[in-house]
Amino acid sequence: MKMFDFFDMRILKRFIILLIIMLLGVQKMNAAYILVPMDETQTNHLKAYGVAYWILEREVEISWLLNYKGGSYLIPYHDMFERECKLRNVSYQVIADVQAESILAEIADPGVNMDEMKLQKVPRLAVYAPKNILPWDDAVTLVLTYAEIPYDIIYDDEVLDGVLPSYDWLHMHHEDFTGQYGKFWVRYRNYPWYKEDVQKQEETARRHGFSKVSQLKLAVAKKIRDFVAGGGYLFAMCSAPDSYDIALAADGLDICDVMFDGDAIRPGDPQRLNYDNCFAFTDFTVSTNPQEYEVSNIDVTETRPKSVSEGNDFFLLFDFSAKWDPVPTMLTQCHEKLIKGFMGQTTAFDKRFVKPTVVVLGDNAALGEDRYIHGDYGNGFWTFFGGHDPEDYRHLVGDQPTDLEMHPNSPGYRLILNNVLFPAAKKKQQKT
């Protein structure tokens, strides 16, 4: 009897194991979706964007659930998608199709501020950046690299050679389109990196038939404007947004002093700006003082109250209707609404000089500052974001790049990545 009991137990154990395997198989068959939550439960928000991009590269449609658990992703189940989430330490839930249907029904309710946005196309990304090494980094390239999202680096030669129409999205960061080299002359004119940058930009200008770097940058700015008008998407941070608009406003004028372009500012030109050429800004005044580390009064870095510091510098994201205003809703998806401020050569935009047609996505109303703004031009869109690095309050020339392994849930960096995925929903975009 004892021998029979022994064999009976072995048979029973095998039966239980087989039953468990069968039940797991049935559960897996019914698990039709992967839900990637983007609320405070997500272990790595930034890598989650990379997972979404990686799946889009495989021509699989994703549902971006606007305002549902911080802007979650609903993905058709496949074991390789689940494996990728595990590899990148991205939180996820495997759910049955009936659960997915319940979530979509909840989102579709007219009484809730949620919506489903289909991501249908993998966007091709370009970053406008010089090929020579400069003593600062770019928050966007940092987060794209961390999220494992591929991009191409292009600069003046490529833009003037007409490559922009082959991309869906273009980013510009620490750039001076006015031709004044970031107004670094007073502090850094004797530094090797500054001299090299001036030399390379002057060589590029001559190669394309321009006598001044300001003329080169204006031609590049116009190519970028054509890119947006044709349906492209432009995202700019730090010194790029205001210097870009200033370059367009100064078309045909000379606002650069002798140390920048070899001759003095033409009298009266700084007062002849054409604000109709600008995407975002109006009625501003350009800085003609070469000693001043500013290109205009659009930026608030030097004018904000001295009481503003890292401990009390914040901006608030606005709420938009997911069903009626999907574009700004996509751009403001986040697990936090109150975002830490951060400085840059352009920290934020003075509200007095932002056009009334611009959509303000985030601001500090008490300080009169717009931090995160958006608009359309022709068939395309643009978004401007003040500040240099969302996780380094005062990032100085020569500082080490931010280690995003220390900030996998950064709300500020999430806003950047919203802009990266935005072109994937191109077929359903509606102008605001």
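Quick caveat: nothing in here was measured; it's all calculated off a predicted structure. (Residues numbered from 1 in each chain as written. Predicted model: local features only at pLDDT ≥ 70, side-chain atom pairs only at ≥ 80, totals over all residues. Heavy atoms only, no water.)

Further remarks concern helix α3 (residues 79–87). Looking at α3, one finds that the buried residues are Phe81, Glu82, Glu84 and Cys85. Summarising the axial view, the buried residues of α3 lie within an arc of 160 degrees, below the 170-degree limit, and thus occupy one face. Every exposed residue of α3 that faces more than 90 degrees away from the buried side is listed here: Lys86 and Leu87. (Buried < 20%, exposed > 50% of the residue type's maximum accessible area, 1.4 Å probe, protein only. Helix = DSSP H or I, 4+ residues; strand = E, 2+ residues; numbered from the N terminus. Arc of directions from axis to C-beta.)

Right, let's get into the pattern of salt bridges. Within the structure shown, the criterion is met by 25 salt bridges. One salt bridge in this structure joins Glu116 and Lys118, with 3.0 Å as the shortest N-O distance. In this structure, Asp319 and Lys337 form a salt bridge, with 3.2 Å as the shortest nitrogen-oxygen distance. You can see Asp319 sitting in the loop between β10 (314–317) and α12 (326–331) and its partner Lys337 sitting in the loop between α12 and β11 (338–340), a full 18 residues away along the chain. A relative accessible area of 62% places Asp319 in the exposed class. (Salt bridge = Lys/Arg side-chain N within 4 Å of Asp/Glu carboxyl O.)

What follows concerns the layout of surface pockets. It is the rolling of a water-molecule-sized probe over the atoms that shows where space remains empty. Considered as a void within the structure, the largest pocket measures approximately 520 Å³ in volume. Of the residues in the lining of the largest pocket, the class split is 11 nonpolar, seven polar and seven charged. For the second largest pocket, the calculated volume is near 330 Å³. The wall of the second largest pocket is formed by 17 residues, among which Ala129, Pro130, Asn132, Trp136 and Asp138 lie closest to the centre. Within the lining of the second largest pocket, the residues separate by chemical class into nine nonpolar, four polar and four charged. (1 Å grid on protein atoms, 1.4 Å probe; cavity = no way out; pocket = protein on both sides within 12 Å on 5 of 7 lines; lining within 4 Å. Points joined across faces, edges and corners; volume = space filled by probe spheres on them. Nonpolar A, V, L, I, M, F, W, Y, C, P; charged D, E, K, R; others polar.)

What follows concerns the confidence of the model for the chain. In this model, the chain carries a mean pLDDT of 91, and residues with pLDDT of at least 70 account for 91%. Considering only residues more than four positions removed or in separate chains, one finds that residues 20–29, a stretch of pLDDT under 50, has two contacts. (pLDDT = per-residue confidence, 0-100. Contact = heavy atoms within 4.5 Å.)

Moving on: the packing of aromatic side chains. Throughout the structure, instances matching the rule amount to 26 aromatic pairs. Residues Phe184 and Trp193 carry aromatic rings whose centres are separated by 5.7 Å and whose planes lie at 80 degrees to one another, so their mutual orientation is edge-to-face. Since its relative accessible area comes to 3%, Phe184 is described here as buried. With centroids separated by 6.1 Å and ring planes inclined at 80 degrees, the aromatic side chains of Trp193 and Tyr194 adopt a geometry described as edge-to-face. Residue classification places Tyr194 among the buried residues on the basis of a relative accessible area of 5%. These aromatic residues form a ring-pair network of at least three members: Tyr128, Tyr155, Phe177, Tyr244, Phe279, Phe281, Phe349, Tyr377, Trp382 and Phe384. Residue placement shows Arg187 over the ring face of Tyr293; its charged tip is 4.5 Å from the ring centre. Directly above the ring of Trp185 sits Arg189, whose terminal nitrogen or CZ lies 4.2 Å from the centroid. (Phe/Tyr/Trp six-rings, centres within 6.5 Å; stacked < 30°, edge-to-face > 60°. Lys NZ or Arg CZ within 6 Å of the ring centre and 35° of its normal.)

This part covers a nonpolar patch on the surface. Judged by side-chain polarity, Phe314, Leu316 and Leu338 come together as a nonpolar surface patch covering roughly 250 Å² of accessible area. Considering the arrangement of structural elements, one finds Phe314 in strand β10. The exposure class assigned to Phe314 is partly exposed, which follows from its relative accessible area of 30%. (Patch = residues over 30% accessible without salt bridge, like charges linked within 9 Å, V, L, I, M, F, W, Y side chains within 5 Å. Areas by Shrake-Rupley, 256 points an atom, 1.4 Å probe, with all protein chains shown as cover.)

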